[in-house]
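The primary structure of each chain is shown beneath.
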Amino acid sequence: DMQSIIAKNGCETPEPVKAQVKGSIPSWLQGTLLRNGPGLFSVGDSQYNHWFDGLSLIHSFTFGNGEVTYRSKFLKSDTYKKNVKADRIVVSEFGTMIYPDPCKNIFSRAFTHLSNVIPDFTDNNLINIIRYGQDYYASSEVNYINQINPDTLETVSKMNYRNHIALNLATAHPHYDDEGNTYNMGTAIMGFGRPKYVIFKVPADASDKEHKKPALRKVQQVCSIPFRSTLFPSYFHSFGMTENYIVFVEQAFKLDIIKLATAYFRGVNWGGCLKFDKDDINLFHVINRKTGKVISTRFYSDAMVVFHHINAYEDDGHVVFDLIGYKDGKLYDMFYLHNIKQETDNFIETHKSFSQPICQRFVLPLNVHKESPRGSNLVTLKDTSAQAVMQENGSVYCQPDTLFEGLELPGINYDFNAKKYRYFYGSRLEWSPHPNKIAKFDIVTRTHIEWKKDNCFPSEPVFVASPGAVEEDDGVILSSVISPDPNISPFMLVLNAKTFEEIALAYIPTSVHMDLHGLFIPAAV
């Protein structure tokens, strides 16, 4: 079953292998889909506890002349090199805290501990591939990223955000504007003055091909937002962007700083430092990304947990933003390997309480003012039931419009990012964290279509537009599909994005691992 392959150690395919194509790949589809995810769950006799601990295995699917080639390489992070050299896990990860030789006495351990109040995080960047300037990086959520060569998948060099901007954490889900600038967000916890969330921008022309200077040297801070609670900053995995604004959800899913600082000493892993405060609220910050000015209205909603934003845009004086919310913070718990390795039936039984991912739309009316009527809905858009009601104290309580239930790993036609749009794509999750279908959702008609195949598990769907496309869904969907059935080779699925009909299946003659996120890089014209 699925459990047998999700946490199986992957292996490298360093030289490109050719896929066997059934159907036909559109001749216009030219470029490389680079994807990242955990691929090694044990080193020597030692094992990781959590799926998000696995060592990064990057793979690529290159399309050209109707053919597909595949290759994969482990990210040669410092973490990877140290572990391999020691033939055991020696660097702590999200769900696995590693201690030095127990023969060392408690005093030296206390000393090590005090010198590392904010831990030196791992550079095992397993979540996504991101672009700054013309450079590509493997990224997770810490202050280290690793530059990679998108053609050979070689690791070029490790980068530390802190050499360029005051951050301890940064997301693996930046946004790119039409000019090619990259916007991202991070958290400054300690050692940088007042703790704060930081929004920053790396210009499109930040790369320097001759001297190999880091693109981050040109980083610009857009603005910073103080924590509403100094010792409990919100955890955030992504954010929203419109033509003029950044939308940041300061959620009730928080990082316990004291626990983080003492985790090593108390035998707690970093994942155990996240807590969901169901009685709190989620606060929505809207920041003008051109001026750095924060909109002063206090928008808030009931507590929920958010990992992925779908899209955001401005419409007639409102900011509309779509995200995937959960009623609790249990999603990360489901990915402890002892949970994943249960048989599917037991897994579903154990996680009946798992709250479904719900795609929801929030709408923030920007033109509210002190005199706005209290107690009535200030949203005037006709195509949504989302509400924003001004309270007696002048803050605005927002309730979402539920779009769709049971979808994660959302994707859109990125040409419509930050603009009014109609469709999103994603992996269907029904009572299990292993997606077995891909869906396309139509926001206008509130209907969806699906692709599925018996015993096949697709990855996050990626939309690539046809050349000269005008319609939003004129293009293809790409997804890498694996199966626990030894008779089904892994394949790259190519769907017509309009109809969800199969255009091609490109069978890969080697093993392919389950991944998380990635980026399509069009071939240079």
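Per an unreviewed UniProt entry, the recorded name for the chain is Beta-carotene oxygenase 1, like, and the organism is Amphiprion ocellaris. For the chain, the Sequence similarities (unreviewed entry) comment in UniProt is given as "Belongs to the carotenoid oxygenase family."

*Asks:* Quick question: what am I supposed to make of the UniProt feature "binding site: Fe cation" (unreviewed entry) in the chain here?
*Replies:* When the UniProt feature table is mapped onto this chain, "binding site: Fe cation" (unreviewed entry) is found at His173, His237, His308 and His517. The greatest C-alpha distance among the residues just named is 12.5 Å, despite their covering 345 residues of sequence, which places them together in space. Of the annotated residues named above, the ones that line the largest cavity are His237, His308 and His517. In this fold, His237 is placed in the loop between strand E17 (220–226) and strand E18 (240–241). Exposure remark for His237: the relative accessible area of 6% places this residue in the buried category.

*Asks:* What's the story with unusual backbone geometry in this structure? I'm lost.
*Replies:* Among all residues save glycine, negative phi is the norm, and among peptide bonds the norm is trans. The backbone phi angle of Asn65 is positive, close to 50 degrees, even though this residue is not glycine. Tracing the backbone shows Asn65 in the loop between strand E7 (55–64) and strand E8 (67–74). Using a relative accessible area of 68% as the deciding quantity, one classes Asn65 as exposed. Even without glycine at this site, Arg446 takes up a positive phi of about 60 degrees. Following the sequence through the fold, Arg446 ends up in the loop between strand E32 (437–442) and strand E33 (447–452).

*Asks:* Got a minute to help me understand the pairing of strand E15 (residues 182–188) in this structure?
*Replies:* Where a strand is regular, its side chains alternate between the two sheet faces. With seven of its seven residues buried, E15 lies for the most part within the structure. What you see with E15 is no split at all: Thr182, Asn184, Gly186 and Ala188 on one side and Tyr183, Met185 and Thr187 on the other are buried throughout. Sheet topology note: the strand E13 (residues 169–170)/E15 ladder contains two bridges and is antiparallel. Looking at E15, one finds that Ala170 is bridged to Gly186.

*Asks:* What is the right way to look at the environment of Val17 in this model?
*Replies:* In this structure, Val17 sits in strand E1 (residues 13–18). What Val17 contacts, discounting residues up to four positions off in sequence, is Val68, Thr69, Tyr70, Ile508, Pro509 and Thr510.

*Asks:* So what exactly am I meant to see when it comes to the pairing of strand E39 (residues 517–522) here?
*Replies:* Summarising burial for E39: five of the six residues are buried, a large majority. Alignment of strand E3 (residues 31–36) against E39, held across six bridges, turns out to be antiparallel. Paired with Gly31 across the bridge in E39 is Pro522.

*Asks:* How should I be thinking about helix H4 (residues 257–266) in this particular structure?
*Replies:* Residue pairs spaced three or four apart in an α-helix point in one direction, given the helix's 3.6 residues per turn. All of the buried residues along H4 are Ile257, Leu260, Ala261, Ala263 and Tyr264. Projected onto a plane normal to the axis of H4, the buried residues spread over an arc of 135 degrees and lie on a single side. In the segment just after H4, Gly267 is the residue with positive phi, at about 70 degrees.

*Asks:* When you look at helix H2 (residues 78–86) in this model, what are you seeing that I'm missing?
*Replies:* Among the residues of H2, those classed as buried are Thr79, Tyr80 and Asn83. Mapping the buried residues of H2 onto a view down its axis gives an arc of 100 degrees, with all of them on the same face. Looking at the buried positions of H2, the neighbouring elements they touch are strand E4 (38–40), strand E5 (42–43), E7 and E8. One or two residues past the end of H2 sits Asp87, with phi positive at roughly 55 degrees.

*Asks:* What is the right way to look at the sheet that holds strand E22 (residues 281–288) in this model?
*Replies:* Strand pairs in the sheet, formed through backbone hydrogen bonds, run parallel or antiparallel to each other. The sheet built from six strands is open, its strands ordered E18-E19-E22-E23-E28-E27 with mixed pairing. Here the strands that pair on one side only, and so sit at the sheet edges, are E18 and strand E27 (387–390). Where strand E23 (residues 299–302) and strand E28 (residues 396–399) come together, two bridges link them in parallel fashion. Pairing of Tyr300 across the sheet is with Tyr397, part of E28.

Quick notes on the rules
- Residues numbered from 1 in each chain as written.
- Predicted model: local features only at pLDDT ≥ 70, side-chain atom pairs only at ≥ 80, totals over all residues.
- Heavy atoms only, no water.
- UniProt positions renumbered as here; feature names shortened; annotations may be inferred.
- 1 Å grid on protein atoms, 1.4 Å probe; cavity = no way out; pocket = protein on both sides within 12 Å on 5 of 7 lines; lining within 4 Å.
- Helix = DSSP H or I, 4+ residues; strand = E, 2+ residues; numbered from the N terminus.
- Buried < 20%, exposed > 50% of the residue type's maximum accessible area, 1.4 Å probe, protein only.
- Pairing = 2+ DSSP bridges.
- Contact = heavy atoms within 4.5 Å.
- Arc of directions from axis to C-beta.

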